[in-house]
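Single-letter residue listing:
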Amino acid sequence: MQDKNNDTRVSPYTDEELEYFRQIIVNKRIEAEQDLQMLQTSLKESTENASDESAYSFHMADAGSDAQEREKTYMLFNRTKKFIKYLDDAIVRINNKTYGVCKVTGKKISKGRLEAVPHTQISIEAKLKQYK
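Predicted model only: the values in this text are computed from it and were never measured. (Residues numbered from 1 in each chain as written. Predicted model: local features only at pLDDT ≥ 70, side-chain atom pairs only at ≥ 80, totals over all residues. Heavy atoms only, no water.)

Here we come to the overall build of the protein chain. In terms of helices and strands, the protein chain carries 4 helices and 0 strands. Along the protein chain, helices and strands appear, N-terminal first, in the series α-α-α-α. Here the protein chain holds 132 residues, and 26% of them are scored as buried. Across the protein chain, every contact between residues at least 6 apart in sequence was considered, and the portion connecting residues at least 24 apart equals 66%. Roughly 9300 Å² of accessible area belongs to the protein chain as shown, and the carbon and sulfur atoms make up 52% of that amount. (Helix = DSSP H or I, 4+ residues; strand = E, 2+ residues; numbered from the N terminus. Buried < 20%, exposed > 50% of the residue type's maximum accessible area, 1.4 Å probe, protein only. Contact = heavy atoms within 4.5 Å. Areas by Shrake-Rupley, 256 points an atom, 1.4 Å probe, with all protein chains shown as cover.)

Within the secondary structure, tyrosine 20 is located in helix α1 (residues 15-52). Taking C-alpha positions, tyrosine 20 is 9.5 Å from glutamate 115, a pair spaced 95 residues apart along the chain. Other than its neighbours up to four places away in sequence, tyrosine 20 contacts Lys111 and Glu115. Looking at tyrosine 20, its side chain comes within polar contact range of the side chain of glutamate 115, at 2.5 Å. (Polar contact = N/O pair within 3.5 Å; in protein donor to acceptor, adjacent residues only side chain to side chain.)

Here the focus is the packing of aromatic side chains. One pass over the structure, following the stated rule, counts 3 aromatic pairs. Ring centres 5.3 Å apart and planes at 50 degrees place the aromatic pair phenylalanine 21 and tyrosine 99 in the tilted group. One end of the pair, phenylalanine 21, is in helix α1; the other, tyrosine 99, is in the loop between α2 (60-95) and α3 (111-116), with 78 residues separating them in the sequence. For the residue pair phenylalanine 21 and tyrosine 99, the accessibility class agrees, reading buried in each case. (Phe/Tyr/Trp six-rings, centres within 6.5 Å; stacked < 30°, edge-to-face > 60°.)

This next bit is on the pattern of salt bridges. Any two side chains of opposite charge can pair, so long as their charged atoms come close to each other. Scanning the entire structure with this criterion turns up 8 salt bridges. Note that lysine 72 is salt-bridged to glutamate 69, the shortest N-O span being 3.2 Å. Here the residue lysine 72 and the residue glutamate 69 both occupy positions in helix α2, the gap between them amounting to 3 residues, near one helical turn. Put simply, lysine 85 and aspartate 89 hold a salt bridge, and the shortest N to O gap is 3.0 Å. (Salt bridge = Lys/Arg side-chain N within 4 Å of Asp/Glu carboxyl O.)

What follows concerns the side chain of threonine 73. As for its position among the elements, threonine 73 is in helix α2. Overall, threonine 73 belongs to the buried group, its relative accessible area being 13%.

Now for the environment of threonine 14. Among the secondary structure elements, threonine 14 is positioned in the segment before α1. Overall, the relative accessible area of 38% leaves threonine 14 in the partly exposed class. Measuring from C-alpha to C-alpha, the distance between threonine 14 and lysine 97 comes to 9.1 Å, with 83 residues separating the pair along the chain.

Now the structure itself:
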């Protein structure tokens, strides 16, 4: 299944194995969506609470701590959104039957690596070379 540019590699995994990985990804995506909802609720509540506080009952140190917590929650929210996009991209690769091929080496990504990091596009070998 080559595309027009002739750079798409066919997955080294069988359809059954691809379905196995799809389930892992779908389950991780469900968890990430739930996390995203919790973070969104937390951000909404902390923003509402910050505007509800009166200037007299609110200490500057508390305001700083609250702002820091909101910022941390916002960063987690963005990271989770990005993670969901990576998972969605992995589903596309499964659908295109290009899942499980290292984009650096062109070799098969090990099953263990894909189970641990199902959205990865690089093998552990390529990942380790990045750090050298």
